[in-house]
Amino acid sequence: PLEETVVSGRGLDKIALIDVSGFISEEKQQGFIELPAMVSRIKEELTAAAKDDKVKAILLRVNSPGGTITASDLIYHEILKFKQQTGKKVIVSILDLGTSGAYYIAMAADQIVAHPTSVTGSIGVIDSMYARFLNVIVTNRKNLSADQIKKLADGRVYTASEAKELGLVDQIGYLDDVIELTKSEAGITKAKVILYSRGEGNKNNIYSQVFQKP
């Protein structure tokens, strides 16, 4: 079963910190130990957060160049379903990378915040999936028209400031800023930030393990 670790903050309410880190795939991750596939892990963590009334919002911590379109679409779908079923907010924090399939997943969020040195974009996949990707962005980025998105969706990557100027992200900020935003969006003033894990090692702060995925 999943274990819950507090990484920052205090109070009765909780914010669940969920990782989209590394290559996005339906396959199990191989390393010193075999880890669950990203899709199944994220679904399990969303299910745990949905069942816990004290979890008031999700902070999705993204650090990924993308991956398979199917895995990206499944995670996007599961986040949308979580929001529809619970009414809880989902906020995305893009760290180093939030490109391609990772940006696709971010479309399910209520707000997207890019770290000042992050890179995002790389919108565009081959054949009929390109149209699907564009449609997902059109549906979720209300500030951008279909024509505007088509001009941006040529595989280019964008710095955080460019992405903000172009409307691909909502804000630029550090992870601490995103935690405060998440609390505000959830209508709470105090909260513990928690990680779900299976005893894979110490996770004692909000940056734990984000740069250590196999």
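Remember, predicted model here, so these are calculated numbers, not experimental data. (Residues numbered from 1 in each chain as written. Predicted model: local features only at pLDDT ≥ 70, side-chain atom pairs only at ≥ 80, totals over all residues. Heavy atoms only, no water.)

1. Side note on the pattern of salt bridges
For step 1, the next point in the chain: Evaluation of the coordinates by the stated rule reveals 11 salt bridges.
For step 2, the next point in the chain: For the salt bridge of Glu 45 with Arg 41, the shortest nitrogen-to-oxygen distance reads 3.4 Å. Taken together, the residues span about one helical turn, with Glu 45 and Arg 41 both in helix α1 (residues 38-51) at a distance of 4 residues. Arg 41 matches Glu 45 in its accessibility class, with the two residues each being buried.
For step 3, the next point in the chain: For Lys 183, the salt bridge is made with Glu 180, and the minimal N-O distance between the two is 3.0 Å. Of this pair, Lys 183 and Glu 180 are both found in helix α7 (residues 175-186), 3 residues apart, which corresponds to roughly one turn of the helix.
For step 4, the next point in the chain: On the basis of relative accessible area, Lys 183 is assigned to the buried category, the value being 11%.
For step 5, the next point in the chain: Within the structure, one salt-bridge network assembled from shared partners comprises Glu 4, Lys 14 and Asp 52. (Salt bridge = Lys/Arg side-chain N within 4 Å of Asp/Glu carboxyl O. Helix = DSSP H or I, 4+ residues; strand = E, 2+ residues; numbered from the N terminus. Buried < 20%, exposed > 50% of the residue type's maximum accessible area, 1.4 Å probe, protein only.)

2. With respect to the pairing of strand β2 (residues 14-21)
For step 1, the next point in the chain: Burial of β2 is extensive: 8 of the 8 residues sit out of reach of the surface.
For step 2, the next point in the chain: Residues Lys 14, Ala 16, Ile 18 and Val 20 line one face of β2 and the alternating positions Ile 15, Leu 17, Asp 19 and Ser 21 line the opposite face, and both faces are buried.
For step 3, the next point in the chain: Sheet analysis places β2 next to strand β3 (residues 55-64), joined by 8 bridges and oriented parallel. Looking at the pairing, Val 20 lines up with Val 62 of β3.
For step 4, the next point in the chain: Pairing of β2 with strand β9 (residues 192-197) involves 4 bridges; the strand directions are parallel. Bridge pairing links Ala 16 to Ile 194 in β9. (Pairing = 2+ DSSP bridges.)

3. Observations concerning the packing of α1 against helix α2 (residues 69-86)
For step 1, the next point in the chain: For the pair α1 and α2, the least separation of the axes is 10 Å and the interaxial angle reads 5 degrees. Classified by the angle their axes make, α1 and α2 are roughly parallel. For the pair α1 and α2, contact is made by Met 38, Val 39, Ile 42, Lys 43, Leu 46, Ala 49 and Ala 50 and by Ala 71, Leu 74, Ile 75, Glu 78, Ile 79, Lys 81, Phe 82 and Thr 86, respectively.
For step 2, the next point in the chain: Partitioned by chemical class, the residues of the contact of α1 with α2 number 11 nonpolar, 1 polar and 3 charged. (Axes fitted to C-alpha atoms, helices over the stretch in contact; angles between N-to-C directions. Parallel < 35°, antiparallel > 145°, perpendicular 65-115°, else oblique. Contact = heavy atoms within 4.5 Å. Nonpolar A, V, L, I, M, F, W, Y, C, P; charged D, E, K, R; others polar.)

4. Here we look at the nonpolar core
For step 1, the next point in the chain: By size, the foremost hydrophobic cluster in this structure holds 47 residues, and its most contacted members are Leu 60 and Ile 112.
For step 2, the next point in the chain: Dropping the residues within four chain positions of it, Ile 112 is found in contact with Val 92, Ile 94, Tyr 103, Ala 106, Met 107, Arg 141, Leu 168, Val 169, Asp 170 and Gln 171.
For step 3, the next point in the chain: If you look at the next biggest cluster of nonpolar residues, it comprises 14 residues, including Val 178, Ile 179, Leu 181 and Ile 188. (Core = buried A, V, L, I, M, F, W, Y, C linked by side-chain atoms within 4.5 Å.)

5. Considerations on the side chain of Lys 83
For step 1, the next point in the chain: Position of Lys 83 among the secondary structure elements: in helix α2.
For step 2, the next point in the chain: You can call Lys 83 buried: its relative accessible area is 19%.
For step 3, the next point in the chain: Leaving out residues up to four positions away in the same chain, Lys 83 has contacts with Lys 88, Val 90, Ala 108, Ala 109 and Asp 110.

6. Quick word on the side chain of Asp 52
For step 1, the next point in the chain: Among the secondary structure elements, Asp 52 is positioned in the loop between α1 and β3.
For step 2, the next point in the chain: A residue is classified by how much of its surface remains accessible, and Asp 52, at 16% relative accessible area, is buried.
For step 3, the next point in the chain: Among all residues touching Asp 52, those that are not within four sequence positions of it are Glu 4, Lys 14 and Lys 88.

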